[in-house]
Amino acid sequence: MTAEPSFRESVDLMFNRAADLMDLSPGLREKIRVCNSTYTVRFGVRLRGEIVTFTGYRSVHSEHFEPVKGGLRFSLDVHQDEVEALAALMTYKCALVQTPFGGSKGGLCVDPRAWDAHEMERITRRFAYELAKRDLIDPAQNVPAPDMGTGEREMAWIVDEYRRMNTTDINAAACVTGKPLNAGGIQGRVEATGRGVQYALREFFRYPEDAAKAGLTGTLDGKTVIVQGLGNVGYHAAKFVSEEDGAIVTAVIERDGAIVNRDGINIDILKEHIIETGGVKGFLGGEYVEDGKAILEMDCDILIPAAMEGVINLSNAANVKASLIIEAANGPITAGADEILREKGVVIIPDMYANAGGVTVSYFEWVKNLSHIRFGRMQRRQEESRHQQLIDELERLSASSDLKWTLSDGFKEKYLKGAGELELVRSGLDDTMREAYQSMRQVWHERDDVEDLRVAAYLVSIDRIAQSYTSKGL
Ligand code: NAD
């Protein structure tokens with residue numbers, strides 16, 4: 001490959017690599033690949049005394065399941081090709097982790113840092129209005145979520161705008177996910193994508209033969225990690241693997257450069273510094289390197305690109321030293337770079353799996369909104385009282401027998417605690433990440449013509465979408 005393909009072309013190239021190994025009719029193959037529709041909206045908002053025109057998109061890739069699902073991105077780089085590529089990835093991702101959604105994505109060309117909160121609220125509400133009046137935001141048809149440049153704040157404005165337009169819709173809260181708890185959100189959604197990255201890595205290391213393909217042994221403990229982008233996804237992934245699994249984050253790459261510390265970076269302190277100063281420069285817990293991109297080529301066990309697409313491309317792929325890359329961002333490796341890395345023997349845990357934690361917990365949030373009850377509310381105390389009965393009985397037996405025994409430290413407290421919403425969400429997420437990994441690795445190991453996890457992921461996913469279209473009679 002000589003020229004760098006666009007993001008959309010990269011996704012198509014990866015799709016084709018898998019589809020070539022399948023027995024699909026050409027018509028069905030094309031139906032699955034194409035993006036069904038992309039709506040472009042241009043609207044004006046009066047700001048600072050003049051009318052400012054914004055351009056936004058909502059792309060629907062596949063409606064084999066409805067609603068369709070996919071984040072809203074706010075960035076000056078948003079364009080149709082990018083939104084369509086991201087919508088396609090959402091289709092494949094939802095099929096892989098078995099959330100009952102089609103794929104969609106939206107974007108607005110805006111720099112959220114250029115406007116104050118009040119101005120952003122007006123821009124977001126107007127964008128939401130434009131999408132909602134065309135059913136491109138709707139609990140039964142199209143459900144957005146956060147992505148780059150958006151978070152709980154924007155989702156709260158969107159759900160409120162939708163409610164104003166649909167005052168009698170009892171399911172209005174389900175029109176968007178990633179909302180704050182007080183606006184119908186779910187515990188564990190903010191951390192979900194980063195948490196999913198952690199669960200994906202844990203599952204990968206549960207199979208020594210998979211880790212061996214990347215030349216690695218053991219667990220996450222002691223592995224060196226480089227993270228690009230300390231936003232929602234990168235921050236949580238870096239925090240969890242370093243605080244809970246013993247991984248050592250040796251470098252963090254941000255917009256204004258990178259911080260390197262081979263003894264490990266304290267992620268929370270660095271995050272506080274970024275919030276206070278707007279960048280990593282000036283952080284005292286490591287050495288500052290102005291050319292952040294160069295740090296993608298620094299030696300490490302695991303590279304976690306968690307910022308944006310196309311950062312590992314034809315210009316730097318050959319120099320990347322990590323033996324395992326987990327694509328926390330969408331599309332961080334171009335199709336050309338993917339080929340170079342595969343030839344080098346680098347193992348890539350693909351985006352459609354690696355960052356699926358977000359849509360998985362969004363699915364839980366949507367179900368919670370439709371059922372109008374928080375997870376765990378009915379059974380938690382009942383579970384606790386049954387556990388209490390067992391403990392009481394054990395303690396009675398111990399007191400009445402000659403053989404004196406005691407429960408281990410902390411056992412009683414842990415065992416007695418019934419699962420609340422956060423525990424249930426994490427358990428559901430862990431189960432989803434494990435199951436999806438197992439379905440991918442089975443194809444990876446069983447088929448001689450499948451050399452990497454990305455093709456395995458596409459095969460699982462395309463097969464499920466094909467079955468769904470076929471059962472509809474297509
Ligand atoms: P975010 O806006 O919270 O964070 C992005 C971070 O990357 C920011 O800290 C930003 O400063 C940094 N960044 C931007 N450009 C950079 C560059 N050129 N070099 C280094 N750092 C840079 O966004 P997010 O929600 O964390 O999303 C990050 C990626 O994860 C995107 O590709 C997104 O599509 C994907 N993703 C997000 C979610 C989610 O739930 N938020 C779910 C699935 C996938």
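Residues numbered from 1 in each chain as written. Predicted model: local features only at pLDDT ≥ 70, side-chain atom pairs only at ≥ 80, totals over all residues. Heavy atoms only, no water.

Caption draft 1: Structural view of the overall build of the protein. Counting its regular elements, the protein contains 16 helices and 13 strands. The C-alpha radius of gyration computed for the protein amounts to 23 Å, which stays within 12% of the reference 23 Å derived for 474 residues, consistent with globular compactness. Taken over 474 residues, the protein has a buried fraction of 55%. Look at the contacts in the protein between residues 6 or more apart in sequence, and 70% of them connect residues 24 or more apart. Total accessible area on the protein is roughly 20,400 Å²; 49% of this is exposed by carbon and sulfur atoms. Within the protein, the 72 negative side-chain charges are centred at a point lying 5 Å from the centre of the 56 positive side-chain charges. (Helix = DSSP H or I, 4+ residues; strand = E, 2+ residues; numbered from the N terminus. Rg over C-alpha atoms; globule rule 2.2 N^0.38 Å. Buried < 20%, exposed > 50% of the residue type's maximum accessible area, 1.4 Å probe, protein only. Contact = heavy atoms within 4.5 Å. Areas by Shrake-Rupley, 256 points an atom, 1.4 Å probe, with all protein chains shown as cover. Lys, Arg positive; Asp, Glu negative; His and termini not counted. Charge placed at Lys NZ, Arg CZ, Asp CG, Glu CD.)

Caption draft 2: Structural detail: the pairing of strand S11 (residues 302-305). Alternating positions in S11 separate into two faces, Ile-302 and Ile-304 on one and Leu-303 and Pro-305 on the other, with burial throughout. Across four bridges, strand S7 (residues 224-228) lies against S11 in parallel orientation. Looking at S11, one finds that Val-227 is bridged to Ile-304. Direction of pairing for S11 relative to strand S12 (residues 324-326): parallel, over a ladder of two bridges. Each bridged residue has a counterpart across the sheet, and for Leu-303 the counterpart in S12 is Ile-325. (Pairing = 2+ DSSP bridges.)

Caption draft 3: Up close: helix H16 (residues 453-471). Here H16 is 19 residues long and its end C-alpha atoms lie 27 Å apart, about the 27 Å a rise of 1.5 Å per residue gives. Counting buried residues in H16 gives 14 out of 19 residues, a clear majority hidden from the surface. Of the residues flanking the end of H16, it is Gly-473, one or two places downstream, whose phi is positive at about 90 degrees. (Expected span 1.5 Å × (residues − 1).)

Caption draft 4: Main features of the sheet that holds S11. With mixed pairing, seven strands are arranged side by side in an open sheet as S10-S9-S8-S7-S11-S12-S13. Edge strands, defined here as strands with exactly one partner in the open sheet, are strand S10 (287-289) and strand S13 (347-349). Between one strand axis and the next, the sheet turns through 20 degrees on average, direction left out of account. (Axes fitted to C-alpha atoms, helices over the stretch in contact; angles between N-to-C directions.)

Caption draft 5: Spatial organisation of the site of the ligand. Of all residues adjacent to the ligand, which total 22 residues, the nearest are Arg-73, Asp-147, Thr-193, Glu-254 and Asn-330. The side chain of Arg-73 places a nitrogen or oxygen atom 2.8 Å from an oxygen atom of the ligand. Compared with its free state, where it exposes 820 Å², the ligand has 86% of that area covered by protein. Secondary-structure elements contributing two or more residues to the shell around the ligand are helix H8 (232-245) and strand S8 (248-254). When residues of the shell around the ligand are assigned to domains, at least three map to each of domain 1 (38-183) and domain 2 (192-357). (Near = heavy atom within 4 Å. Polar contact = N/O pair within 3.5 Å; in protein donor to acceptor, adjacent residues only side chain to side chain. Domains from an automatic or database assignment.)

Caption draft 6: Layout of helix H4 (residues 117-132). For H4, spanning 16 residues, the distance from its first C-alpha to its last is 22 Å, which sits close to the expected 22 Å at 1.5 Å a residue. Buried within H4 we find Glu-119, Met-120, Ile-123, Thr-124, Arg-125, Phe-127, Ala-128, Glu-130, Leu-131 and Ala-132. Turning to H4, the residues buried within the fold contact strand S1 (37-47), strand S2 (50-62), strand S4 (72-74), strand S5 (102-108) and helix H5 (152-165). Measuring from the side-chain oxygen of the N-cap residue of H4 to the backbone nitrogen of His-118 gives 3.1 Å; that N-cap residue is Asp-116.

Caption draft 7: Focus on the domain arrangement of the protein. According to the domain assignment, the protein contains domain 1 (38-183) and domain 2 (192-357). A C-alpha centroid distance of 28 Å is found between domain 1 and domain 2. Opposite the 13 residues of domain 1 that make contact, domain 2 presents eleven residues. For the pair domain 1 and domain 2, the two sides together bury roughly 940 Å², of which 59% comes from carbon and sulfur. Of all residues in domain 1, Leu-89, Lys-93 and Leu-96 bury the most surface against domain 2, accounting for 45% of the area lost on that side. Counting across the interface, domain 1 meets domain 2 through three residue pairs in polar contact (both at pLDDT 80 or more). Counting residues per element, the side of domain 1 that touches domain 2 draws most heavily on helix H3 (residues 80-96), at six residues. (Buried area = accessible area lost by both parts, 1.4 Å probe.)

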